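These are the residues of each chain, in order.
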Amino acid sequence: MSGASAARAEARVDLEAIRSNVAALGRHAGAAEVMAVVKADGYGHGMIPTARAAVAGGATWLGVATIDEALALRQAGLAARILAWLITPGEARDQAIRANVDISVNSPWGVKEVAAAAVAAGQPARIHLKVDSGLGRAGATQADWPDLVDAALKAEADGYLQVVGLWSHFAYADEPGHPTVAAQVRAFTEAIALAEQRGARPEVRHLANSAATFTLPESHFDLVRPGIAVYGMSPVPAHSAPADLGLRPAMTLTARLLMVKRVPAGYGVSYAHEYRTTAATTLGVVPLGYADGIPRDATNIGPVLAAGRLRTIAGRVCMDQFVLDLGFDLAAAGDEVILFGPGDSGEPSAQDWANALGTISYEVLTRIGPRVPRTFREIIQP
Ligand SMILES: *Cc1c(COP(=O)(O)O)cnc(C)c1O
């Protein structure tokens, strides 16, 4: 990458960590295969490099939300099985079918649209039927499931498609032992039995996200779908740190101080002076803001490693900048600060940011905007 050391800011992505995280997930998955979920630009890490590293780590499937994401993976030459699950009425599916992308279907109208697209594509579609086993989001309700299965099996008999997958998603996997978890495994098992009784012969049945991959072997079925753990974050942060699970956070977000200046006590800092210096001190200006994905809610809250110490953002986060109070520590314009990373230098983690902001590491990572260049540490052992 160009001039890494001179960049205003950068998100360094450790592809070797991604490869090794996926390998660790594969060990937990046992006999089940691994679908690495790389939606939302690989949770902000760069979808294509992430997908390649995941495949090097043993992932045989890639999971994405949209057809556009699936087609981008194919265009980059990724040959793994791909499942796309966020498809709205009227959206073109023929290109996805021609690109051998598997498609999730939630309802009989989805079966109709896929069948029509298969005709346009000139080849049968591969579909995964989704049941709502208790998340209350996408998927056919258990009441609607028999109709969906019958519609899909009819289209399969007519040669339009193959029902290759049956699947569902958890509501509370990050709270191991929550009663809904076992209830969802039961509901999913019943939905599979019903579909198979009616004639479905799925190749894969899948339910587990990252948290369930680590905590619930009976949810592994034929395939697990980890996302956040691929990127090295703990899916159960209340119970385990990444290292406890054999994971290493893959992204390090850094910036270089735009300027450093001495100011007196009582100096108002950033918009509306939400921070005021209590003594003569040094301010460091960090050239990252909410347009880069640093939440404005991180005002006076966000943790940053700068000039050898952990600091808290001083005053309001602006669109492109925020300020740190560096006290009497030595710092100069151009010095690197670290917002989050794996912790090797004592920097905060994306989980620390999530905790400070009352959110989850997923949101911290996926918010990092396109203005922040991603640079990549390549895989060591392919
Ligand atoms: C995002 C997503 C996943 C991955 O979940 P993690 O909690 O990141 O492991 C799995 N399945 C579906 C349907 C998803 O939307």
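Each value, and the rule that gives it
Residues numbered from 1 in each chain as written. Predicted model: local features only at pLDDT ≥ 70, side-chain atom pairs only at ≥ 80, totals over all residues. Heavy atoms only, no water. Helix = DSSP H or I, 4+ residues; strand = E, 2+ residues; numbered from the N terminus. Rg over C-alpha atoms; globule rule 2.2 N^0.38 Å. Buried < 20%, exposed > 50% of the residue type's maximum accessible area, 1.4 Å probe, protein only. Contact = heavy atoms within 4.5 Å. Areas by Shrake-Rupley, 256 points an atom, 1.4 Å probe, with all protein chains shown as cover. Lys, Arg positive; Asp, Glu negative; His and termini not counted. Charge placed at Lys NZ, Arg CZ, Asp CG, Glu CD. Near = heavy atom within 4 Å. Polar contact = N/O pair within 3.5 Å; in protein donor to acceptor, adjacent residues only side chain to side chain. Nonpolar A, V, L, I, M, F, W, Y, C, P; charged D, E, K, R; others polar. Arc of directions from axis to C-beta. Phe/Tyr/Trp six-rings, centres within 6.5 Å; stacked < 30°, edge-to-face > 60°. Lys NZ or Arg CZ within 6 Å of the ring centre and 35° of its normal. Domains from an automatic or database assignment. Buried area = accessible area lost by both parts, 1.4 Å probe. Salt bridge = Lys/Arg side-chain N within 4 Å of Asp/Glu carboxyl O. Axes fitted to C-alpha atoms, helices over the stretch in contact; angles between N-to-C directions. Parallel < 35°, antiparallel > 145°, perpendicular 65-115°, else oblique. Left-handed = near helix turned anticlockwise from the far one by under 90°.

Quick look at the overall build of the chain
Broken down by element type, the chain carries 11 helices and 19 strands. For the chain, the C-alpha radius of gyration of 23 Å lies close to 21 Å, the compact-globule estimate for 382 residues. Counting over 382 residues, the chain shows a buried share of 54%. Within the chain, counting contacts between residues at least 6 apart in sequence, those at least 24 apart form 64% of the total. Per element, the accessible surface of the chain, about 15,900 Å² overall, is 53% carbon and sulfur. Here the chain holds 33 positive side-chain charges and 38 negative ones, and the gap between their average locations is 4 Å.

Looking at the site of the ligand
Surveying the vicinity of the ligand reveals 15 residues, the closest of which are Lys39, Tyr43, Ser210, Ile228 and Tyr362. Here an oxygen atom of the ligand and a side-chain polar atom of serine 210 are 2.5 Å apart. Between an oxygen atom of the ligand and a main-chain N or O atom of isoleucine 228, the distance comes to 2.8 Å. Contact with the protein chains covers 94% of the free accessible surface of the ligand, which is 390 Å². Each residue belonging to the shell around the ligand can be placed in one class, and the counts come to seven nonpolar, four polar and four charged.

Structural notes on helix H10 (residues 350–357)
A turn of α-helix holds 3.6 residues, and therefore any two residues three or four places apart point the same way. By the burial criterion, the buried members of H10 are Ala350, Gln351, Trp353, Ala354 and Leu357. Taken end-on, H10 shows its buried residues confined to a sector of 155 degrees, consistent with a single buried face. Looking at the packing, one finds that the buried side of H10 touches strand S15 (303–306), strand S16 (309–314), strand S18 (336–340) and helix H11 (361–367). Positive phi shows up at glycine 358, right after H10, with a value of about 70 degrees.

Structural notes on the side chain of serine 210
Mapped onto the fold, serine 210 is located in helix H9 (residues 210–215). A distance of 3.1 Å separates a polar atom in the side chain of serine 210 from the backbone nitrogen of alanine 229. Once residues within four sequence positions are removed from consideration, serine 210 is found in contact with Arg225, Pro226, Gly227, Ile228, Ala229 and Pro235.

Some points on the packing of aromatic side chains
The geometry of an aromatic ring pair is captured by the separation of the ring centres together with the interplanar angle, meaning the angle of the planes. Here the structure, examined in full by the defined rule, presents four aromatic pairs. Look at tyrosine 43 and tyrosine 362: their rings are 6.0 Å apart centre to centre, the planes differ by 35 degrees, and that puts the pair in the tilted class. Within this pair, whereas tyrosine 43 is found in helix H2 (residues 39–43), its partner tyrosine 362 is found in helix H11, the two being separated by 319 residues in sequence. On the basis of relative accessibility, which here comes to 6%, the residue tyrosine 43 falls in the buried class. Classification of tyrosine 362 as partly exposed rests on a relative accessible area of 30%. A ring pair is formed by phenylalanine 188 and phenylalanine 221, whose centres lie 5.0 Å apart and whose planes are at 85 degrees; its orientation type is edge-to-face. Note that phenylalanine 188 is positioned in helix H8 (residues 179–197) and phenylalanine 221 in the loop between H9 and strand S9 (223–224), a separation of 33 residues in sequence. For phenylalanine 188, a relative accessible area of 0% corresponds to the buried category. Assessed through its relative accessible area of 23%, phenylalanine 221 is described here as partly exposed. Connected via pairs of aromatic rings, a cluster forms that spans Tyr43, Tyr231 and Tyr362. Above the face of the tryptophan 167 ring, lysine 130 is positioned so that its terminal group lies 4.1 Å from the ring centre.

Observations concerning the environment of arginine 205
Checked against the element boundaries, arginine 205 lands in strand S8 (residues 204–206). A sequence separation of 13 residues divides arginine 205 from isoleucine 192, and the C-alpha atoms of the two residues are 7.9 Å apart. Apart from residues no more than four positions distant in its own chain, arginine 205 is found in contact with Leu166, Phe188, Ile192, Glu196, His220, Phe221, Asp222 and Leu223. Among the polar contacts listed, one links the side chain of arginine 205 to the side chain of aspartate 222, at a separation of 2.8 Å.

Notes on the domain arrangement of the chain
Here the domain parsing of the chain yields domain 1 (15–231) and domain 2 (251–377). Taking only C-alpha atoms into account, the centre of domain 1 sits 38 Å from that of domain 2. Both sides together, the interface formed by domain 1 and domain 2 hides about 900 Å², and carbon and sulfur atoms give 66% of it. Counting the surface domain 1 buries against domain 2, the share from its top three residues, Tyr43, His45 and Ile228, is 49%. Viewed at the interface, domain 2 and domain 1 are joined by zero salt bridges. Summed over the shared surface of domain 1 and domain 2, the number is two residue pairs in polar contact (both at pLDDT 80 or more).

Thoughts on the packing of helix H3 (residues 47–56) against helix H4 (residues 67–75)
For the pair H3 and H4, the least separation of the axes is 10 Å and the interaxial angle reads 65 degrees. By the angle between their directions, the pair H3 and H4 is classed as roughly perpendicular. With respect to the hand of their crossing, H3 and H4 are arranged in right-handed fashion. Within the contact between the two elements, H3 uses Met47, Ile48 and Ala51 and H4 uses Glu69, Ala72 and Leu73. By residue class, the composition of the contact of H3 with H4 is five nonpolar, no polar and one charged.

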